[in-house]
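Spelled out from the first residue to the last, the chains are:
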Amino acid sequence: MIFLKLLSKFIGVLRSGAKPNEIAWGFALGTVLGFTPFRGAHTVVVVFLLCILRVNVSAAMFSWLVFSLFAFLLDPLFHSLGFFVLTGLPALVPFWTSLYNAPVAPLTRFNNTVLMGSLLVSLVLLVPNFLFFKWFVESYRESWNAKIKKWKVVKALNASSAVQWYLKIREMGG
Amino acid sequence: MRWKGFIALAVLVAAWLIVTSLFLDRWIESGLESAGEAIVGAKVEIDGLDFRFSDLSVQWQKLQAADSKQPMRNLLETGRIAFKMSPAALFRKRIVIDEMALEGVRSGTPRTTSGALQKKPPKPKTGKPDYLDKLKARLKNEVDLLPVMKFDPAAFKKKLNLDSLIAIAAIRTPQRIDSVKKDAAAAVERWDGFARTFRPDEDLKKIQSDFQGLEPQKIKTIPEALALVEKARSTQKSFKAISDTFSVRQKEIRADVGRLASYPAQADDWIREDYRSVAQKAKLPDLSMRSIAKMLAGGAIVVKADQVLGYYQTVRKYMPRKTNKPEKKPVPRFKGQDIHYTERHAYPTFLIRRISVSGQAGADTTRAGVMLKGEIFDVTSQPWVIGKPTTVDLSGMTQDLRSVAFQAVLDHVTEAASDSFHVRFGNVSLNRVAIPASRYLPAQIQKGKADFNLVLRFKEADFLGRLDMNARDLGFDFNQVQSSDLFVDIVRRVIGQMGLITLDVRAAGKQDNFQFNVNSNIDDLVSQELKKMGSQALADAEARIRSRLDQIKAQKLAELEKLYADKKPAIEASIGNYEKWISDNKSLLDGKLDGLLKEIEKRKKGEENKLKDKARGLLDGVLKN
């Protein structure tokens with residue numbers, strides 16, 4: 001039900017008057033949260049950014065949920081990448097060592113392989129993600145929205161008792 | 001900038017701080033309990049934990065760690081404990097405690113509730129078994145491979161089914177004698193053939209009449225003499241042909257008789273060989289064996305050793321040896337692997353620099369425990385960071401002179417980790433001490449005292465363990481265990497009469513080379529008693545096997561004997577007769593021929609003399625005229 005609510009909100013956001021940049025940044029930051037483990041200083045930073053910046057929180061939440069599923073699949077890759085970055089690059093080892101022995105830095109869990117791997121991937125993909133989601137929102141609004149509404153599947157779904165029941169419940173809840 | 005979001009965030013943070021301050025103690029308590037349970041394998045309960053942010057101090061009123069083997073008792077129980085954590089280390093996500101006082105430490109205290117953890121499905125062990133797993137398996141194997149000593153003469157005799165044993169052992173004497181019987185039958189057939197075909201009687205009569213007619217006195221002329229010589233030579237030739245034929249056949253028959261006569265003696269060797277084979281199959285016990293102490297105490301030692309090595313494995317797990325480069329490990333999803341970048345004189349992930357211990361160990365309802373006191377230094381998960389090994393030095397004594405001392409050095413500072421443990425128990429009371437179930441051992445020791453000295457050393461894959469025990473003033477209770485096994489009875493009687501038992505256990509391993517020896521004065525005493533009691537039964541068993549094999553031999557040899565017994569005297573008599581006749585007549589014939597030749601020679605000389613006289617007469621007449 002949460003997923004349906006988020007999906008509903010997500011579609012609502014796509015159709016709303018929110019700026020594509022805000023929605024795209026929401027998506028991009030949500031991707032970071034989705035890919036990376038929850039425990040870590042980066043989560044605090046991203047949530048802080050989501051709260052104080054003008055970005056779309058619904059898009060971020062939807063993206064967080066969707067990319068958490070991808071993260072489960074990509075976990076071995078993140079582990080391998082993180083292990084390589086943390087141990088396989090001798091030039092970086094002194095830096096990691098000083099960071100590890102410095103105050104506060106170890107609390108970020110930077111030395112965890114999955115966290116390091118996933119954070120690197122999500123940071124590298126941050127801007128491309130933003131650009132992709134921006135293009136996606138704009139494209140949706142310009143041409144896809146009308147087409148999608150005409151899809152038989154969408155019509156059937158809208159007419160289905162489950163969706164009607166869900167919409168009724170949602171209305172009752174205000 | 002979104003102010004509404006900023007306020008929402010501030011509210012969130014405030015809520016988090018409030019919840020944390022309310023529940024932090026409980027979370028820490030729960031975390032410590034879970035970590036303790038993972039180590040101990042039984043319930044760990046901490047009461048009244050209080051954590052203060054202001055000075056990073058922790059204290060609790062009571063800690064109970066249940067014994068996983070005896071869930072209704074505590075492995076360890078402490079009173080109030082208080083310590084402070086280093087803020088500088090905590091900011092680096094490390095836990096460093098400079099000093100901790102463990103006061104009122106007690107062990108073996110009863111619990112009101114069971115300390116058993118709810119059973120979880122056993123996790124399959126990942127990776128290869130380490131050196132300690134192999135060591136435990138080898139120790140167990142050493143005891144499992146020991147023969148089960150059972151010695152009940154009646155059961156032994158009953159069990160010793162000779163027919164099946166002989167069938168299993170595949171004795172060879174009957175087949176060998178059957179083969180000999182074939183040889184005997186062939187010999188008898190040859191003898192019959194000789195009797196049938198060797199008929200020289202007519203020829204011999206002719207020869208006899210021929211040479212009886214050789215009368216040199218009746219010779220009148222030289223041609224008559226020559227004809228007689230020719231006849232004699234012809235007779236001699238015929239005689240020789242018969243004699244040669246007889247000689248060959250006679251030798252064959254004599255060889256047959258000699259060979260057949262030698263078989264009974266050979267059968268003795270065959271029977272000895274078969275006896276060894278049957279005895280091997282019967283597994284007649286060697287009563288001079290010296291592994292009785294190993295059998296008696298090996299199981300109990302292995303159980304304790306397994307327990308001790310299990311604890312040591314836990315220590316090694318939480319105090320690993322130094323590795324130069326981290327190895328990639330398979331990890332559960334979302335967990336990842338933490339890489340530690342350690343350097344000397346930094347903070348290790350966990351460290352308690354000094355623990356002062358005081359308390360009581362081994363207390364029960366009837367007597368006070370040993371007042372234990374000592375210190376533990378540098379308990380850490382990364383010894384190579386602080387550059388010092390973990391050391392333990394605990395000792396204690398009671399009013400009745402019982403004593404205990406425990407020293408340990410766990411040196412994991414370098415890559416070549418080495419650990420040593422030394423435990424001494426003095427004057428330990430053995431009154432009413434239950435003994436692990438064994439068919440040979442008493443159910444409990446009624447009274448006695450003992451000194452134990454245990455040394456364990458580990459260095460990489462090398463291991464050395466030695467346990468010396470002297471138990472004295474002993475009394476045993478065998479009543480609760482019944483057995484009809486004589487060996488068990490002997491062991492029990494010997495142990496029951498022993499006032500002093502010494503035990504010297506040595507185990508050493510280097511890579512895959514492993515030795516485990518248990519020496520005790522029980523060995524000699526049980527061995528002597530066993531020999532005394534068992535030698536008669538064993539001799540009976542041996543005699544029965546020998547008797548059965550001798551019976552088989554006698555029966556087969558009788559069948560063999562019967563085959564040629566009737567024929568042998570006849571053939572021997574026949575050969576004897578022929579031999580005598582040939583021998584007698586040969587000399588007669590030779591004598592005749594010799595006489596004939598002499599007569600001819602004599603006649604020849606007579607004729608020569610006559611001719612000479614005649615010639616002389618003629619010559620005299622000529623000369624006179």
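Remember, it's a predicted structure, so these values are computed and weren't measured experimentally.

Novice: Looking at this model, I keep getting lost on the overall build of chain B. Mind explaining?
Specialist: Broken down by element type, chain B carries 13 helices and 17 strands. Within chain B, the proportion of its 625 residues that are buried is 21%. Counting only contacts in chain B whose residues sit at least 6 apart along the sequence, the fraction spanning at least 24 positions is 69%.

Novice: Honestly, unusual backbone geometry in this entry has me stumped. Any pointers?
Specialist: Residue Arg109 of chain A is not a glycine yet carries a positive backbone phi of 65 degrees. Mapped onto the elements, Arg109 of chain A comes out in the loop between helix 5 (93–100) and helix 6 (113–124). Under the C-beta neighbour-count criterion, Arg109 of chain A is labelled buried, with 20 such atoms within 10 Å. A positive phi angle, close to 55 degrees, is found at Asp378 of chain B, a residue other than glycine.

Novice: Explanation requested: the nonpolar core in the structure shown.
Specialist: Grouped burial of nonpolar side chains is what soluble globular proteins tend to show. Counting residues in each nonpolar core, the largest one holds 34 residues, and the members touching the most others are Ile23, Ala24, Leu29, Ala59 and Ala60 of chain A. Those elements that provide at least two residues to this core are helix 1 (2–15), helix 2 (20–35), helix 3 (41–52), helix 4 (57–87), helix 6 and helix 7 (126–150) of chain A. With ten residues, the top contributor of residues to this core is helix 4 of chain A. Those residues in contact with Ala59 of chain A that lie beyond four places of it in its chain are Phe10, Val13, Ile23, Gly26, Phe27 and Gly30 of chain A. Core analysis: the next-biggest nonpolar cluster, separate from the first, contains 26 residues, Leu139, Phe463, Val488 and Ala507 of chain B among them.

Novice: Help me understand the interface of chain A and chain B in this model?
Specialist: One widely used convention gives an interface's size as the accessible area the parts lose upon coming together. In this assembly, 26 residues from chain A lie in contact with 24 residues from chain B. Those elements giving two or more residues to the side of chain A that touches chain B turn out to be helix 3, helix 4, helix 5 and helix 6 of chain A. Looking at the side of chain A that touches chain B element by element, the count peaks at seven residues for helix 4 of chain A. Class assignment of the residues belonging to the side of chain A that touches chain B gives a composition of 16 nonpolar, eight polar and two charged.

Novice: Please clarify how the sheet that holds strand 6 (residues 81–84) of chain B should be interpreted in this entry.
Specialist: Within a sheet, adjacent strands bond to each other through the backbone by hydrogen bonds, running parallel or antiparallel. Residue and element names in this part refer to chain B. Spatially, 2-3-6 is the arrangement adopted by the three strands of the open sheet, whose pairing is antiparallel. On the outer flanks of this sheet lie strand 2 (50–52) and strand 6, each paired with one strand and no other. Neighbour-to-neighbour, the strand axes of this sheet turn through a mean angle of 10 degrees, independent of strand direction. In this sheet, strand 6 lies alongside strand 3 (residues 57–60) in antiparallel orientation, the contact comprising four bridges. Directly across from Val58, in strand 6, lies its bridge partner Phe83.

Novice: Explain the packing of helix 7 (residues 201–212) of chain B against helix 13 (residues 567–624) of chain B to me, please; I cannot follow it from the model alone.
Specialist: Helix-helix packing is described using two parameters, namely the angle between the two axes and the distance between the axes. All names here are of chain B. It is the contact of helix 7 with helix 13, at a shortest axis distance of 10 Å, that shows an interaxial angle of 30 degrees. Considering their axes alone, helix 7 and helix 13 lie roughly parallel with respect to each other. Seen along the crossing, helix 7 lies across helix 13 with a hand that is left-handed. Residues Leu204, Gln208 and Phe211 of helix 7 touch helix 13, and the partners they reach there are Trp581, Asn585, Leu588, Leu589 and Lys592. For the contact of helix 7 with helix 13, the per-class residue count stands at five nonpolar, two polar and one charged.

Novice: Got a minute to help me understand the pairing of strand 15 (residues 462–477) of chain B in this structure?
Specialist: Regular strands place their side chains on alternate faces of the sheet. Residue and element names in this part refer to chain B. With 14 bridges joining them, strand 14 (residues 444–459) and strand 15 adopt antiparallel strand pairing. If you follow Lys449 over to strand 15, its bridge partner there is Arg472. Between strand 14 and strand 15, which follow one another and run antiparallel, lie two residues, and Glu460 among them has a positive phi close to 50 degrees. One ladder, built from eleven bridges, connects strand 15 with strand 16 (residues 500–510); its direction is antiparallel. If you follow Asp462 over to strand 16, its bridge partner there is Lys510.

Novice: I would appreciate a short explanation of the packing of helix 6 (residues 173–197) of chain B against helix 13 of chain B in the present structure.
Specialist: Residue and element names in this part refer to chain B. Interaxial distance between helix 6 and helix 13 falls to 11 Å at its minimum, and their mutual angle equals 40 degrees. Put simply, helix 6 runs oblique to helix 13. By crossing handedness, the relation of helix 6 to helix 13 is classed as left-handed. Note on element contacts: helix 13 touches helix 6 through Lys567, Ile571 and Ser574, opposite Val188, Trp191 and Ala195. Looking at side-chain class alone, the contact of helix 6 with helix 13 contains four nonpolar, one polar and one charged residues.

Novice: How should helix 7 of chain A be read in this particular structure?
Specialist: The α-helix advances 3.6 residues per turn, and as a result positions three or four apart in sequence lie on the same side. Of all the bends in helix 7 of chain A, the largest measures some 65 degrees and sits at Trp144 of chain A. Restricting attention to buried positions, one finds in helix 7 of chain A the residues Asn129, Phe133 and Val137 of chain A.

Novice: How do you make sense of the pairing of strand 5 (residues 74–78) of chain B when you look at a structure like this?
Specialist: All names here are of chain B. With four of five residues buried, strand 5 is to be regarded as a mostly interior element. Across four bridges, strand 4 (residues 62–66) lies against strand 5 in antiparallel orientation. Bridge pairing in strand 5 links Gln64 to Glu77.

Novice: Please clarify how the environment of Asn521 of chain B should be interpreted in this entry.
Specialist: Residue and element names in this part refer to chain B. By secondary structure assignment, the location of Asn521 is in helix 12 (residues 521–565). Exposure remark for Asn521: the 15 C-beta atoms within 10 Å place this residue in the partly exposed category. Sequence-wise, Asn521 and Met498 are 23 residues apart; in three dimensions their C-alpha atoms are separated by 9.5 Å. Dropping the residues within four chain positions of it, Asn521 is found in contact with Ile501 and Thr502.

Analysis parameters
Residues numbered from 1 in each chain as written. Chains lettered and ligands numbered in written order. Predicted model: local features only at pLDDT ≥ 70, side-chain atom pairs only at ≥ 80, totals over all residues. Helix = DSSP H or I, 4+ residues; strand = E, 2+ residues; numbered from the N terminus. Buried ≥ 20, exposed ≤ 12 C-beta atoms within 10 Å, placed from the backbone. Contact = placed C-beta atoms within 7 Å. Core = buried A, V, L, I, M, F, W, Y, C linked by C-beta atoms within 7 Å. Nonpolar A, V, L, I, M, F, W, Y, C, P; charged D, E, K, R; others polar. Pairing = 2+ DSSP bridges. Axes fitted to C-alpha atoms, helices over the stretch in contact; angles between N-to-C directions. Parallel < 35°, antiparallel > 145°, perpendicular 65-115°, else oblique. Left-handed = near helix turned anticlockwise from the far one by under 90°. Bend = angle between axes of the 7 residues up to and from the residue.

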